[in-house]
Amino acid sequence: MTKWIRFEQGGKTGFGTLEGDSIAVHTGDMFAGAKPTGETHKLSDVQVRTPCDPQKMICLWNNFHQLAAKNDFKEPKEPLWFLKAPNSYWPANRPIQRPATYAGKIIYEGELGVVIGKKCFNISEAEAGDYIFGYTCVNDVTAVDLLRKDKSFEQWARSKSFDTFGVFGPVIATGLDPMKLSVKTILNGKERQNYPVADMFFPPHKLVAAISKDVTLMPGDIIACGTSLGAGTMGEAHNVVDIVIDGVGSLGNVFDQVLPSPYLLGAPPKQKKICVVGAGAIGGLLAAKFALAGEDVTVIDQGAHLAAIQKNGLKLEWHDGKVFNAKMKAVNKATEAGKQDIVVLAVKAHFLDQVVRDIDSLLGPDTVVLTVQNGLPWWYFQKLGGQYDNQRLQSLDPSGVLTKHIDPNRIIGCVVYPAAAAIAPGVIHHVEGDRFPIGELDGKETARVKELHDVFVKAGLRSMVLPDIRSEIWLKAWGNLSFNPISALTHATLVDICQFAETRELAAAMMKEAQDIAQKLGVTFRVSIEKRIAGAEAVGAHKTSMLQDVEAGRSLETEALIGSILEMAKLTNTPAPAISSVYALVKLLNKVMLLEGGGVKVSKAA
């Protein structure tokens, strides 16, 4: 095995073979008959350059079984590749630079690079080994937010071709069996990637042969073989990233960045008066986080939960074990809260008609109303435009009281991704997640929705302003309509439902029916059914909100999670037999619980 390296010393470029920390200088052509000069240099005395000057760098997408399985990608029939521009080529030990024109996420991708040694076109896999000079380490740096910025055209070359984004080196290793190699990526001292080259759909020899049928490959050209699990963001102010391939080398670079402001309006927003109506699992989580961030928070609740908050504040147990105590005003009537900047409606959907009757006492001229219910919202068709504009969902607003009391111009929609539970009076336990996408009903990016985004960010939560909040609501409702009622009926957790073949199949059938309904309303889903189910499975042994309600003997969100979707099925003339059957069972369960005045909980026999 030989390791070839290029270097610069005294303004002159040279190359040679690396042994330990010593370079044996060579002359001629690295790829054809290079000869040693007898001169040596210490590695510490030279500046390392890229080990070759490729005419082109060809980069692979979707080339690993494990990554494809996780993301529900289909196995490609032929290599899927793009080009990285020569201006991006960058050596080891030189800082990767943030583009001045880009403020989004920048990710690393550790990859094996195949270096071509001889000109070739249309060769066979059996011949490929004769044309491969050796192997190098590649960091395929990507401005990932640009990749799919335009939905009509994926910008692979643009997102990956900024100056310094094509990092490779520091050496080319020859005489290796690539199928025995593994690629590791270490970011700030922590291993983020570790995957075998043997997991490729198209391993190096097959890859070179296939690509040579498309383009002529020249000496020094690099084929970056694609990446597998673990690629991610270099998100710290100071990042040290190393791509390590034992037998090839270690490619190390620093990425120092001036982190862009997380605030859409450039600075933390001024203190807001926020009233959270319903301090249960999600309402309590939001109230605590907002209060801890310095907002003037009032919660409206009742009973023992209200009394505990009034006495001790709201205790928030975060998933990592940290415990916070948030002080806030707590009342049982809207009339005692006063005018607010933001009103968060966090009660269950079937209680909304009760709480909005007094909502006028909370509303000033510019008060924003944020809805965080599970399932589809009563305002779904308000400000929608088109065939169903302003259609009232009878299942969610049967009396019309919500439509009457809340002006749709006040409303901002929100999708809740965190999982949490109210485990005792005044105590909220966070399970996982911190993401709250929001959006105006008409899709506009207004100053107020940007400010609300910044309120979430100030509280240490993640948010984004979406131009189509309804599609995101459907994505969340997609899982709620299946996992919640199945868990309520079976007392199974998310992971149990997903790993039991029959209930997994039932959930998928319900989701397919819902997808058919949504598509007739112009909604598209950005993930597949299998990926959505896999996401629920990954949450683990979490009890859904409906199962928590069954165990506590509370009325169920039957209409918001299921009934509203059946109403839309009728509206769009879409069959939904699986959803209808589960709806009937859960509705009867809810009736029995209300008549008996109690819940149902599975416990071990004495």
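In case you missed it, the structure is sitting above this.
Cut-offs and rules
Within each chain, residue numbers correspond to sequence positions counted from 1 in written order. For a predicted model such as this one, the threshold for reporting local features is a pLDDT of at least 70, and the threshold for listing and counting side-chain atom pairs is 80 or more; totals across whole chains, interfaces and linings nevertheless cover every residue. The side-chain numbers reported here are obtained from all heavy atoms of the structure, hydrogens and water having been left aside. Only when DSSP finds a minimum of two bridges between them are two strands counted as paired. Think of it this way: any DSSP run of H or I at least four residues long counts as a helix, any run of E at least two long counts as a strand, and we number them from the N terminus. Two rings from Phe, Tyr or Trp (for Trp, the six-membered ring) form a pair when their centres sit within 6.5 Å of each other. Planes less than 30 degrees apart are called stacked, planes more than 60 degrees apart edge-to-face, and all others tilted. Exposure is judged per residue with a 1.4 Å probe applied to protein chains only, and the accessible area is read against the type maximum: over 50% gives exposed, under 20% gives buried, and values in between give partly exposed. Counted as over-ring charges are cases with an Arg CZ or a Lys NZ within 6 Å of the ring centre that also lie within 35 degrees of the ring normal. Each reported salt bridge corresponds to a side-chain nitrogen of Lys or Arg within 4 Å of a carboxyl oxygen of Asp or Glu. Only protein atoms enter the 1 Å grid used here, on which a cavity is any set of points holding a 1.4 Å probe that cannot leave and a pocket is any open set flanked by protein within 12 Å on both sides along at least five of seven lines; residues with an atom within 4 Å of a point are listed as lining. Grid points are joined across faces, edges and corners, and a volume is the space filled by probe spheres set on the points. Amino acids are sorted into nonpolar (Ala, Val, Leu, Ile, Met, Phe, Trp, Tyr, Cys and Pro), charged (Asp, Glu, Lys and Arg) and polar (every other residue, Gly among them). As a rule, the C-alpha atoms of each element are fitted with a line to give its axis, helices using only the stretch in contact, and angles between N-to-C directions run from 0 to 180 degrees. Two helices crossing with the near one rotated counterclockwise from the far one by less than a right angle form a left-handed crossing, whereas a clockwise rotation gives a right-handed crossing. Residues are treated as being in contact if the distance between any of their heavy atoms lies within 4.5 Å.

**Observations regarding the sheet that holds strand β9 (residues 106-108)**
Reasoning step 1: Judged by pairing direction, the sheet is antiparallel, and its three strands sit side by side in the order β12-β9-β17 without closing on themselves. Since the sheet does not close on itself, it has two edges, and those belong to β12 (142-143) and β17 (232-233), each with one partner.
Reasoning step 2: The pairing of β9 with β12 spans two bridges and is antiparallel. Along β12, the bridge assignment pairs Ile-107 with Thr-142.

**Some points on the packing of aromatic side chains**
Aromatic rings considered in pairs are described by the distance between their centres and by the relative angle of their planes.
Reasoning step 1: Taken as a whole and assessed by the stated rule, the structure comprises 16 aromatic pairs.
Reasoning step 2: Summarising the aromatic geometry, the rings of Trp-4 and Phe-15 are spaced 6.0 Å apart at their centres and angled 35° between planes, so their arrangement reads as tilted. You can see Trp-4 sitting in strand β1 (residues 2-9) and its partner Phe-15 sitting in strand β2 (residues 12-19), a full 11 residues away along the chain.
Reasoning step 3: Residue class for Trp-4 comes out buried when judged on its relative accessible area of 10%.
Reasoning step 4: In this structure an aromatic cluster arises from ring pairing among Trp-4, Phe-15, Phe-31 and Phe-133.
Reasoning step 5: Of note, Lys-118 hangs over the ring of Tyr-131, and the distance from its end group to the ring centre comes to 4.9 Å.
Reasoning step 6: Sitting above the plane of the Trp-318 ring, Lys-289 keeps its charged end 4.6 Å from the centroid.

**What about the pattern of salt bridges?**
Reasoning step 1: Under the defined criterion, the tally for this structure stands at 25 salt bridges.
Reasoning step 2: For the salt bridge of Asp-221 with Lys-56, the shortest nitrogen-to-oxygen distance reads 2.7 Å. Of the two residues, Asp-221 sits in the loop between α5 (204-212) and β16 (222-224) while Lys-56 sits in the loop between β5 (47-48) and β6 (57-61), which places them 165 residues apart along the sequence. Taken individually, Asp-221 and Lys-56 each receive the classification buried, so the pair is uniform in this respect.
Reasoning step 3: Several salt bridges share partner residues, and in doing so they unite Lys-84, Glu-109, Asp-140 and Lys-160 into one network.

**Notes on the layout of surface pockets**
Reasoning step 1: Estimated volume of the second largest pocket: approximately 360 Å³.
Reasoning step 2: Every element with two or more residues in the lining of the second largest pocket is listed here: α8 (352-355), α9 (401-405), α16 (558-571) and α17 (577-596).
Reasoning step 3: Across the lining of the second largest pocket, the residue classes break down as 12 nonpolar, seven polar and five charged.

**Here's the deal with the sheet that holds strand β14 (residues 182-187)**
Reasoning step 1: Reading across from one edge, β15-β14-β18-β19 is the order of the four strands in this open sheet, with antiparallel pairing throughout. Looking along the sheet, the strands with just one partner apiece sit at the ends: β15 (190-196) and β19 (249-256). Along the sheet, successive strands turn relative to each other by an average axial angle of 15°, direction set aside.
Reasoning step 2: Sheet topology note: the β14/strand β18 (residues 238-245) ladder contains four bridges and is antiparallel. If you follow Lys-184 over to β18, its bridge partner there is Val-244.

**Some remarks on the packing of helix α11 (residues 469-490) against α16**
Reasoning step 1: The interhelical angle for the contact between α11 and α16, taken along N-to-C directions, is 120°, at an axis separation of 9 Å. Handedness of the crossing formed by α11 with α16: left-handed. Where α11 approaches α16, its residues Trp-474, Asn-480, Leu-481, Asn-484 and Pro-485 are matched on the opposing element by Leu-561, Ile-562, Ile-565 and Met-568.
Reasoning step 2: Looking at side-chain class alone, the contact of α11 with α16 contains seven nonpolar, two polar and no charged residues.

**Points about empty space enclosed by the protein**
Reasoning step 1: For the structure on display, the rule yields one cavity of 30 Å³ or more.
Reasoning step 2: In this structure, the largest cavity occupies an estimated 120 Å³ of space.
Reasoning step 3: Lining the largest cavity are 14 residues; nearest its centre among them are Gln-373, Asn-374, Gly-375, Cys-414 and Ile-473.
Reasoning step 4: Broken down by element, the residue count for the lining of the largest cavity peaks at four residues, all from α11.
Reasoning step 5: Here the lining of the largest cavity is composed, by residue class, of eight nonpolar, five polar and one charged.

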